[in-house]
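Here is how the chains run, residue by residue.
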Amino acid sequence: MSFPVPSTCYVVLAAVVVVYAQRHSQDSHTQYAQLGKDVTLQCGSVDRDAFVTWTANNTDLDASHLNGSWLVLRHVDLSHSGLYSCYEGSSWHLKYRVNLRVGTPPKEPVLMCRSNNYPNGFYCSWHLPSPTYIPDTFNITVKHDSKEIVCEKDASPKNRCYIRYLHLFSTKKYKVTLTVTNALGRNSTTISFDEFAIVKPDPPENVVAKPIPNNPRRLLVTWQYPSTWPDPDSFPLKFFLRYRPLIIDYWQHVELSDGTSHVVTDAYAGKEYIIQVAAKDNEIGTWSDWSVAVHATPWTEEPKHLTTEAQGTVKLTSPLFTSAGALGQFQETTTSSTSAFVVPATTKADETDRQANCGAAAISWVVVPVLVAFGIHFI
């Protein structure tokens, strides 16, 4: 059964739809504000004295922030970023909408250029020393002998581009300028260098360290050229190896002019070692970063376990007294690997004591009569 809907309901519903459409149909603008500064937002073309209401991210703002129809924000921080809307009159007619972005002007960018695949080319990368919190635009120019060279931008990462060498072994310097710009300001930096100074290989790859059997103080370390180094035959690398036991902070170093292996001969037996390798062109450039650290422990002999069979004989001797009380010969006792000291027989010791006591009593019976006779003689 259906009920008729009063016309007043349609009117109220239509009004709600109109208000909603008005509050969300206005195109928004973008305004940038510097961190820590005061910001004033104007309500579009509305008169300064008009009655308005402001919202921030759909939350009503207190009228204390208003100066007429303008919205004033003091000492803005990052939390002030958001969508601000201005409504005129009690009907909440949307008049203006602005997206406020709080940020900072860019500081001088950090620029670095390096050739990890000499002699093919080099790349330049950059970053800001601190974030600006708003969009930044970077522009880089590369010149060699007053001629501008194209810097091919990488898809990822975006803060890097690649330059191909036009002339090898050139004595002319490269000049690279990077400019960064955003809505609040701009900054730039420039560096100059020759092609040899920026050669820096990537670290050696597949570093492996392992013990050498029957050598308790040796470790064999092997590695491979970095895969980005294009021509090892024409441009060979030399290597720098460092190693130390985990219990000591002091590194030991070995520089190797060629080859991709080395035997450590002075390792501490049984101690775990940490090992890394770096690389450098034989003639030009600088050392690479250290490779990923690997760990190894020198060979140790397996402990030998005793068998359950007798491992030999042990001879123990113990003094035995003769029946006359004198010190007799030593008795030898042969035992297996589980031997015990043989205690002298207690029966013979008791017998000796009894014989000694009897001897002492006999002497006393002889001495007493002699003393009595001697005393009578003098009387």
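Scroll up to find the structure.
Residues numbered from 1 in each chain as written. Predicted model: local features only at pLDDT ≥ 70, side-chain atom pairs only at ≥ 80, totals over all residues. Heavy atoms only, no water.

Once that is clear, we can look at the state of the cysteines. Applying the stated criterion across every chain yields a total of 3 disulfides. With its sulfur 1.8 Å from that of its partner, Cys-43 forms a disulfide with Cys-86. Disulfide Cys-43-Cys-86: the torsion about the S-S bond is -100°, which places it as left-handed. Here Cys-43, found in the loop between strand 2 (39–41) and strand 3 (52–56), pairs with Cys-86, found in strand 7 (residues 82–88); they are 43 residues apart in sequence, far enough to count as distant. (Disulfide = S-S within 2.5 Å. Helix = DSSP H or I, 4+ residues; strand = E, 2+ residues; numbered from the N terminus.)

Moving on to the sheet that holds strand 11 (residues 137–144). The strand order 12-11-15-16 describes an open sheet built from 4 strands, whose pairing is antiparallel. For this open sheet the edge positions go to strand 12 (147–149) and strand 16 (185–193), each flanked by a neighbour on one side alone. For this sheet, the mean inter-axis angle between neighbouring strands, taken without regard to orientation, is 25°. Across 9 bridges, strand 15 (residues 174–182) lies against strand 16 in antiparallel orientation. Paired with Asn-182 across the two strands is Gly-185, which belongs to strand 16. (Pairing = 2+ DSSP bridges. Axes fitted to C-alpha atoms, helices over the stretch in contact; angles between N-to-C directions.)

In this structure, Phe-122, Cys-124, Ile-140, Val-142 and Ile-275 are the most contacted members of the largest nonpolar core, which totals 41 residues. Ala-33, Ala-50, Ala-56 and Val-76 belong to the second-largest nonpolar core, a separate cluster that totals 18 residues. (Core = buried A, V, L, I, M, F, W, Y, C linked by side-chain atoms within 4.5 Å. Buried < 20%, exposed > 50% of the residue type's maximum accessible area, 1.4 Å probe, protein only.)

Evaluation of the coordinates by the stated rule reveals 6 salt bridges. Residue Glu-88 is joined to Lys-95 by a salt bridge in which the shortest nitrogen-to-oxygen separation is 3.9 Å. Relative accessible area serves as the criterion here: at 27%, Lys-95 is assigned to the partly exposed category. With a shortest N-O distance of 3.4 Å, Lys-238 and Glu-255 are connected by a salt bridge. Remark: Glu-255 occurs in strand 20 (residues 252–256) and Lys-238 occurs in strand 19 (residues 237–245); sequence separation between them is 17 residues. The exposure class of Lys-238 is buried, given its relative accessible area of 16%. (Salt bridge = Lys/Arg side-chain N within 4 Å of Asp/Glu carboxyl O.)

In this section: a nonpolar patch on the surface. Together, Leu-35, Leu-78 and Tyr-133 line one region of the surface with nonpolar side chains, adding up to about 260 Å² of accessible area. Mapped onto the elements of the fold, Leu-78 is located in the loop between strand 6 (70–73) and strand 7. Judged by its relative accessible area of 37%, Leu-78 falls in the partly exposed class. (Patch = residues over 30% accessible without salt bridge, like charges linked within 9 Å, V, L, I, M, F, W, Y side chains within 5 Å. Areas by Shrake-Rupley, 256 points an atom, 1.4 Å probe, with all protein chains shown as cover.)

This part is about the environment of Ile-140. Mapped onto the elements, Ile-140 comes out in strand 11. Expressed as a C-alpha distance, the spacing of Ile-140 and Lys-153, which sit 13 residues apart in the sequence, is 9.8 Å.

Right, let's get into the pairing of strand 22 (residues 273–281). Strand 22 sits mainly inside the fold: 9 of its 9 residues count as buried. Every second residue of strand 22 is oriented toward a common face, with Tyr-273, Ile-275, Val-277, Ala-279 and Asp-281 on one face and Ile-274, Gln-276, Ala-278 and Lys-280 on the other, all of them buried. Taken together, the 9 bridges between strand 19 and strand 22 define a ladder with antiparallel strand orientation. When the bridges of strand 22 are listed, Leu-237 appears paired with Asp-281. Where strand 22 and strand 23 (residues 294–296) come together, 3 bridges link them in antiparallel fashion. Note that in strand 23 the partner of Tyr-273 across the bridge is Ala-296.

Judged by pairing direction, the sheet is antiparallel, and its 4 strands sit side by side in the order 20-19-22-23 without closing on themselves. The open sheet terminates on both sides in strands that have one partner only, identified here as strand 20 and strand 23. Taking the axes of each pair of neighbouring strands and ignoring which way they run, one obtains an average angle of 25° across the sheet.

Once that is clear, we can look at the pairing of strand 7. With 5 of 7 residues buried, strand 7 is to be regarded as a mostly interior element. Sheet topology note: the strand 3/strand 7 ladder contains 5 bridges and is antiparallel. Bridging across to strand 7, Ala-56 finds its partner in Tyr-84. Here 7 bridges tie strand 7 to strand 8 (residues 93–103), and the two strands are oriented antiparallel to one another. Each bridged residue has a counterpart across the sheet, and for Tyr-84 the counterpart in strand 8 is Val-98. Here strand 7 folds back onto strand 8 in antiparallel fashion, the turn holding 4 residues, of which Gly-89 has a positive phi close to 70°.

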